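# Descriptive analysis of the structure
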Amino acid sequence: MSDIAMDKPGASVLLMGNEAVARGVLEAGVSVAAGYPGSPSSEVLPAIASVAKKMNIHAEWSTNEKVATEVAGGASFAGLRSFAVMKQNGANVAADFIVNLNMTGIGEGGMVIFISDDPGGMTSNNEEDSRTAAKWLDNPLMEASSAHEAKEMIKWAYEVSEAVNLMVYVRGVTRISYTKSNVTLGELPKAKEKKAYFPEVWDMYSPKKSKFTSGPFPIFHKPLHEKLDKAREIFETSEFNKYWGPEKPELLLITCGACTSYCVEAVQQLAADKKVGILKLGTTWPLPEKLVAKHLKTTKQVFFVEEMDPFVERSVMELAAANLPETCELTFFGARSGHLTPFNEMSTNLVIDALTDILNLEYQERDPEYSKTAQELVQVVPARPINMCPGCPHRATFWAVKTALKLDGRNGFLCGDIGCYSMGFAGPGFFQSRTMHAMGSGAGVASGLGNLVQFGFDQPVLAMCGDSTFFHAVMPALVNGVYNKSNFTLLVVDNSATAMTGFQPHPGTGKLANGDTAPTVDIEAVCKAAGATVEVCDPFDLRNATQILLRMMKTEIGTNVVIMKHMCQLVMTREKIPNQYKMRVDPDKCLSDECGCNNLCTRLFGCPGLMLDKETNKARIDEALCVGCGLCTDVCPAGAIIREEVK
Amino acid sequence: MAIQALTKEPFNMVIAGVGGQGNVLLSAFVGNALLNKGYMISVADTFGVSQRGGSVASHIKISKDTLYSSVTLNGQADVLLGMEPVETLRVLGEFGNPEVITIVNPRPVYPTGGVSYPDLEKVKEAIEQLSAKTSYVNATEVALSMGNPILANIILLGALVGANLLPINKDDMMPILEERFPGKILETNIQAFEKGMAMIAEA
């Protein structure tokens, strides 16, 4: 959508779930929005930032999710409505602040956090159900079932937040965040006139809204539970909880979030609407117990459909246990019974399969003969592994790493991290990354490994991080390394972008979320100030980059940093920076099977711009994909790949 | 003239391709045109790997009055727009059925990392065998002759609209192209769109 702040109440527009969330933030009159990019949530903040000036909003990319949540918290303390956004891993980072924030309560301004989970790990390296966090952090939780509902829910979440004086957590998943569907626009608020003001302290020992220190806990923990009870009462009558179906269903299907439409479709496909009732919960924690208990009385069989953890399933079974003996005849189906799995993405077909089993129904996806033929014919379809883009500087860095580690010859290895370069554990990074965990963990793990000399450890340790990751969580690990005299070399692959999630600016780019210029935080200067030995190079100068790495690995004390600086090719394309070289393969020099390289360039180096000509078994350039970075010229042992400067 | 209404409720369309080919743009164009005609639309795109050479499929579920989930049920695609042959076959394996209409760009995008591509003629035969009707549109070839391979997606959009399978026509598409392509590039994109319409008429 070109204008997220379109002032046309009642108009129906096609919005991605993340844009609908952003629109909800605008309609709620939010003053401050902060986040850290992470798919599937990455598009929410840019949508807000694109209209921030017009709508008088402060929208920022914070250095990490904890800081983003703190920024939003500060705004709430000063009386403004505030918003924070992140993916599931971000909830872990922000958790330590949130658990204390819920103890103190928020300020006069409502506060909402939108977290988008990624069932099936489509854009993540883990799979995690962040709803559990709502339970252990004591947050009211809502789950959106469509883009339009996400927008409406965000608005209502502010009312709940202000009513109970707690941050409210709205949860999306990939299919909500990234599905585009009809959204009806609502009213935008009038100009913001409220002055931001931090209230004065009234009473040191009173849990009043004017005081935001989380201790002493006996004063605050009891009121927190009273607030949650109040949220539960509000949730009992929420219009986001709905029931469709017969008064006394043979099977009560309890669902929430994106699974709602899967359930509706499954019941429709099976024409089972006379047998099955659907209770869709929009508010899932604290569970609206009276509402659920009322529905449990209408049936003998309950089927839970939710993605990942059996979160609602466990809450409802706990409620049923508390309501014995009147619930003693209930049979439960769901993740616990094995009818669904507590991992991977849900789908209409999975719900259909479970329902046919539970209700003993028949369903045919398509003509069985066709299915048989299709299964045979698709055998030829190859896997299509993801890759780094043509011209990606990470490919150059990983080639330098691979070469340097081989030449060094002491079984050195690389600790990987989160970003496009996560692909370093597989073919695109020549299988060089040997560890990968959370943001910044590469440097942290390397810092530990680099201090094991007394136990006989003698392998060189490299760690890698991107420029955005450096600011997010690597700085503490680097300082830790320097301080504890750990011996490792950190490679900062600085491509001037948060490329994996869509080119969001960060403190090193000199740009703000709204496009304004900003002070540039210089990574080299930060590393030097921390006391590390620092070198900067362009990874496309392969020989130099490799030599620097070899030299760094030879040092026996201290923490080193090599900044591999080269702009992301996608950013270069966006900024219309022309190709540097025109590439071609000289068919006379490419020796094919005679060479002994065993198709090094297309098999191992693997740039998408290179292809193997089946007829000649020689390499050639795919002109539709090559961006003329020239790197493959340095890789070909026969000198057959020719680069010519574009005039 | 475009058809006046959906031929099935809901109507399922899948766009199959490889990251970087422009699925996401195409699905948004089709979705917006249908929304402007009053339909309820649900579009699912694959992101994350979308610019990194992996398989991507966009699903568009269209209804006259109901908002459904975005992903097509197994074996229920009504129209398949294939931007790449093996990706088209991959989607047919999961979502195809004896009635599916397939429009396909026959130009392969080769996988990297030493993965070999199957015999193209065999892939085409398989696509034809699994489709009620198969139309080939040499979109990449024509786009390259126009000077930019990325135009292939707009050529395919023209082919889709020209195939008269959805209740949208060229006039419905024009405002959307105008909004997305300001200035000089509009003319090139309209040319590409019209070429696609002409190509499907002859396919």
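Residues numbered from 1 in each chain as written. Chains lettered and ligands numbered in written order. Predicted model: local features only at pLDDT ≥ 70, side-chain atom pairs only at ≥ 80, totals over all residues. Heavy atoms only, no water.

### As for the nonpolar core
By size, the foremost hydrophobic cluster in this structure holds 68 residues, and its most contacted members are A:Phe470, A:Leu490, A:Val561, A:Phe605 and A:Ile641. Residue-level mapping places this core at the junction of two domains, with at least three residues from each of domain 3 (393-574) and domain 4 (581-645) of chain A. (Core = buried A, V, L, I, M, F, W, Y, C linked by side-chain atoms within 4.5 Å. Buried < 20%, exposed > 50% of the residue type's maximum accessible area, 1.4 Å probe, protein only. Domains from an automatic or database assignment.)

### So, the sheet that holds strand β14 (residues 331-333) of chain A
Residue and element names in this part refer to chain A. Strand order across the open sheet formed by 5 strands is β9-β11-β10-β13-β14, with mixed pairing between neighbours. Each having just a single partner strand, β9 (242-244) and β14 make up the two edges of the open sheet. Mean inter-strand twist for the sheet, computed between neighbouring axes without regard to direction, equals 20°. Sitting on the sheet, helix α11 (residues 311-322) touches β10 (251-256), β11 (276-281), β13 (301-305) and β14, and the angle it makes with β13 is about 155°. (Pairing = 2+ DSSP bridges. Helix = DSSP H or I, 4+ residues; strand = E, 2+ residues; numbered from the N terminus. Axes fitted to C-alpha atoms, helices over the stretch in contact; angles between N-to-C directions. Contact = heavy atoms within 4.5 Å.)

### Details of the interface of chain B and chain A
Facing 62 residues of chain B, the contacting portion of chain A comprises 56 residues. Of the roughly 4800 Å² buried between chain B and chain A on both sides combined, carbon and sulfur atoms contribute 58%. Our count for the chain B to chain A interface comes out at 5 salt bridges. The shortest N-O distance in the salt bridge between B:Glu84 and A:Arg384 comes to 3.3 Å. Linking chain B to chain A there are 22 residue pairs in polar contact (both at pLDDT 80 or more). (Buried area = accessible area lost by both parts, 1.4 Å probe. Salt bridge = Lys/Arg side-chain N within 4 Å of Asp/Glu carboxyl O. Polar contact = N/O pair within 3.5 Å; in protein donor to acceptor, adjacent residues only side chain to side chain.)

### Considering the packing of helix α5 (residues 152-162) of chain B against helix α6 (residues 170-180) of chain B
Residues and elements named next belong to chain B. Orientation of α5 relative to α6, taken along the N-to-C sense of each, is 155°, at an axis distance of 10 Å. In terms of axis orientation, α5 runs roughly antiparallel to α6. Considering how the two elements wind past one another, α5 and α6 form a crossing that is right-handed. Note on element contacts: α6 touches α5 through Lys170, Met173 and Leu177, opposite Ile154, Leu157 and Val161. Across the contact of α5 with α6, the residue classes tally to 5 nonpolar, no polar and 1 charged. (Parallel < 35°, antiparallel > 145°, perpendicular 65-115°, else oblique. Left-handed = near helix turned anticlockwise from the far one by under 90°. Nonpolar A, V, L, I, M, F, W, Y, C, P; charged D, E, K, R; others polar.)

### Points about the environment of A:Ser39
Residues and elements named next belong to chain A. When you line up the elements, Ser39 lands in the loop between β2 (32-35) and α2 (44-49). Ser39 sits in the buried class, given a relative accessible area of 8%. Separated by 463 residues in the primary sequence, Ser39 and Gly502 place their C-alpha atoms 8.9 Å from one another. One polar contact links Ser39 to Tyr178, side chain to side chain, over a distance of 3.3 Å.

### Overview of the pattern of salt bridges
All names here are of chain A. Taken as a whole, this structure holds 38 salt bridges over all chains when the rule is applied. One salt bridge connects Lys528 with Glu524, and the closest N-O pair in it is separated by 2.9 Å. Within this pair, Lys528 and its partner Glu524 are both found in helix α17 (residues 523-530), separated by 4 residues, close to a single helical turn. Judged by its relative accessible area of 27%, Glu524 is partly exposed.

### Focus on the packing of helix α3 (residues 65-77) of chain A against helix α4 (residues 88-104) of chain A
Residue and element names in this part refer to chain A. Contact geometry for α3 and α4: axes closest at 7 Å, N-to-C directions at 35°. The chirality of how α3 crosses α4 is right-handed. Contacts between α3 and α4 pair Glu65, Lys66, Thr69, Glu70, Gly73 and Phe77 from the former with Gly90, Val93, Ala94, Phe97, Ile98 and Leu101 from the latter. Taken together, the residues of the contact of α3 with α4 sort by class into 6 nonpolar, 3 polar and 3 charged.

### Thoughts on the side chain of A:Thr260
All names here are of chain A. Mapped onto the fold, Thr260 is located in helix α9 (residues 259-269). Of note is the side chain of Thr260, whose polar atom sits 2.8 Å from the backbone oxygen of Gly257. Contact partners of Thr260, with chain neighbours within four places excluded, come to Ser145, Trp244, Thr255 and Lys280.

### With respect to the domain arrangement of chain A
Accessible area lost on assembly of the parts is the figure often given for the size of an interface. Looking at the assigned domains, one finds that chain A contains domain 1 (12-236), domain 2 (242-359), domain 3 (393-574) and domain 4 (581-645). Each of domain 1 of chain A and domain 4 of chain A has a C-alpha centre, and the two are 51 Å apart.

### Section: the sheet that holds strand β7 (residues 168-173) of chain A
Residue and element names in this part refer to chain A. What the 7 strands build is an open sheet, ordered β3-β2-β4-β5-β7-β6-β12; its pairing is mixed. With one partner strand each, in any of the chains shown, β3 (58-61) and β12 (283-285) form the two edges of the open sheet. Taking the axes of each pair of neighbouring strands and ignoring which way they run, one obtains an average angle of 20° across the sheet. Across 2 bridges, the pairing between strand β6 (residues 141-143) and β12 is antiparallel. Bridge pairing in β12 places Met142 opposite Thr283. Across the sheet, α3 touches β2, β3, β4 (82-87) and β5 (111-117), and the angle it forms with β4 is around 165°.

### Examining the environment of B:Ser70
By the secondary structure assignment, B:Ser70 is in the loop between β3 (55-63) and β4 (79-82). B:Ser70 sits 57 residues away from B:Ile127 along the chain, and the two C-alpha atoms are 24 Å apart. In this view, B:Ser70 contacts A:Arg175, A:Thr179, B:Ser42, B:Val43, B:Ala44, B:His59 and B:Lys61; residues no more than four positions away in its chain are not counted. For B:Ser70, the side chain forms a polar contact with the side chain of A:Thr179, separated by 3.0 Å.

### Notes on helix α2 (residues 85-95) of chain B
Of all 11 residues making up α2(B), 9 are buried, and the element is well covered by its neighbours. Within the sequence span of α2(B), burial applies to B:Pro85, B:Val86, B:Glu87, B:Thr88, B:Leu89, B:Val91, B:Leu92, B:Gly93 and B:Phe95. Buried positions along α2(B) lie against α13 (368-377) of chain A together with β1 (11-18), β3, β4, β5 (101-104) and α3 (120-130) of chain B. Its side-chain oxygen at 2.8 Å from the backbone nitrogen of B:Val86, B:Glu84 defines the N-terminal cap of α2(B).

### Looking at the packing of aromatic side chains
If you walk through the whole model with that rule in mind, you get 13 aromatic pairs over all chains. Summarising the aromatic geometry, the rings of A:Trp399 and A:Phe430 are spaced 4.9 Å apart at their centres and angled 85° between planes, so their arrangement reads as edge-to-face. A residue pair is termed long-range when its members are at least 10 positions apart, and A:Trp399 in helix α14 (residues 393-408) and A:Phe430 in the loop between β15 (413-415) and β16 (433-435) qualify at 31 residues. Each of the two residues, A:Trp399 as well as A:Phe430, counts as buried. Here B:Phe29 and B:Phe181 contribute two aromatic rings whose centre-to-centre distance is 6.0 Å and whose plane-to-plane angle is 80°, an arrangement assigned as edge-to-face. One end of the pair, B:Phe29, is in helix α1 (residues 23-36); the other, B:Phe181, is in the loop between α6 and α7 (184-202), with 152 residues separating them in the sequence. One aromatic cluster is present, built from ring pairs that chain together A:Phe77, A:Phe198 and A:Phe212. If you follow A:Lys135 out to its NZ or CZ, it ends over the ring of A:Phe311, 5.3 Å from the centre. (Phe/Tyr/Trp six-rings, centres within 6.5 Å; stacked < 30°, edge-to-face > 60°. Lys NZ or Arg CZ within 6 Å of the ring centre and 35° of its normal.)

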